[in-house]
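Tertiary structure, described
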Amino acid sequence: MAMLDNKIGLVLGVANKRSIAWACAKACAAEGARMAFTYQAERLKETVDELAGTLNDSLVVPCDVSEQETLDAAIDAVKQRYGRLDFIVHSIAFAPKEALEGEFVNTSRDAFRMALEISAYSLTQVARAALPLMTEGGSIVTMSYYGAEKVVMNYNVMGVAKSALESSTRYLAADLGKDNIRVNAISAGPINTLSARGVRGMGSLLGYVGERSPLKRNVTADEVGNTALFLISDLASGITGETIYVDCGYHIMGI
Ligand code: NDP
């Protein structure tokens, strides 16, 4: 029997085949999971439809977390189709481009609010909306980054949002443990995705991290996907509230 046979997942954050969310979905599908996918903007529907269409019994629904009614409709669609939910991959983030370059001190109120709302609050928002469907326990996995705890040039307000996300992971884990729902974050090393390209200087960051990490390379989306699979599976049944680094060891290095 495969690790996720009979398990139903909700995956937020597939923009294209390079998305970390897609790597997570592939790993879970290979172990028997069936999944619903959300897309934020109409322009992404075709790509998400195409990717999800390669998997068994998938569902594709719109959801922009800044519009609560679209999340509620997505959860309702999952309920109609599958009747319950066992895991969630939360792999979304956004900050206005101008907030991801220059000095953090210039972050506007609007950029701060938007980054925190979409990149951090949405984890709590999605967990709360999905809770009634997670009747048999489950696992929630979100994506963070090293910029949550150390200053990374140009990451700016997204670093603050990731700190809030990691903290939310712990508070949610404490709340939802009684329902046998585990909540964990993966702190992934830099990967060349659509979102990552929005951070100024991403190319040089990849080079820097690749040279200095213990494994002397950058992590791949598939390696992050495999860790998500582990966290979702019963192999991780004793792990909750944790932030696990999947960064080729970069974060352990001092001078
Ligand atoms: P992608 O661009 O592939 O995925 C980001 C997703 O977030 C997109 O699907 C995007 O949709 C979605 N999104 C943005 N705003 C909203 C919204 N309001 N409602 C719903 N969805 C929204 O990039 P990644 O795969 O790199 O990013 C996935 C996660 O991984 C993010 O949380 C990111 O911060 C994190 N991460 C990424 C790293 C990297 O180096 N790539 C490193 C560590 C963490 P749309 O395209 O329409 O905006």
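Below is a summary of the structure that appears in this document.

Reading the values: the criteria
- Residues numbered from 1 in each chain as written.
- Predicted model: local features only at pLDDT ≥ 70, side-chain atom pairs only at ≥ 80, totals over all residues.
- Heavy atoms only, no water.
- Buried < 20%, exposed > 50% of the residue type's maximum accessible area, 1.4 Å probe, protein only.
- Helix = DSSP H or I, 4+ residues; strand = E, 2+ residues; numbered from the N terminus.
- Pairing = 2+ DSSP bridges.
- Near = heavy atom within 4 Å.
- Polar contact = N/O pair within 3.5 Å; in protein donor to acceptor, adjacent residues only side chain to side chain.
- Areas by Shrake-Rupley, 256 points an atom, 1.4 Å probe, with all protein chains shown as cover.
- Nonpolar A, V, L, I, M, F, W, Y, C, P; charged D, E, K, R; others polar.
- Axes fitted to C-alpha atoms, helices over the stretch in contact; angles between N-to-C directions.

Quick word on the pairing of strand 6 (residues 181–188)
Across the eight residues that make up strand 6, a large majority, eight, are buried. Burial of the side chains of strand 6 extends over both faces: Ile181, Val183, Ala185 and Ser187 are buried on one face and Arg182, Asn184, Ile186 and Ala188 on the other. As judged from the seven bridges shared by strand 5 (residues 138–144) and strand 6, these two strands associate in the parallel manner. Note that in strand 6 the partner of Ser139 across the bridge is Arg182.

Overview of the site of the ligand
Inspection of the region around the ligand gives 29 residues, with Ser19, Gln40, Ile191, Thr193 and Ser195 positioned closest. Within the side chain of Gln40, a nitrogen or oxygen atom sits 2.6 Å from an oxygen atom of the ligand. Contact between the ligand and Asp64: a nitrogen atom at 2.8 Å from a side-chain N or O atom of the residue. Within the complex, the protein chains bury 93% of what would otherwise be the 880 Å² of accessible surface of the ligand. Taken together, the residues that form the shell around the ligand break down as 18 nonpolar, eight polar and three charged.

Comments concerning the sheet that holds strand 2 (residues 34–39)
An order of 3-2-1-4-5-6-7 is seen for the seven strands of this open sheet, with the pairing classed as parallel. The outermost strands of the open sheet, each flanked by one partner alone, are strand 3 (59–62) and strand 7 (243–246). Between one strand and the next, the sheet's axes are offset by a mean angle of 20 degrees, whatever the strand orientation. Sheet analysis places strand 1 (residues 8–12) next to strand 2, joined by five bridges and oriented parallel. Across the sheet, Leu10 pairs through a bridge with Ala36, a residue of strand 2.

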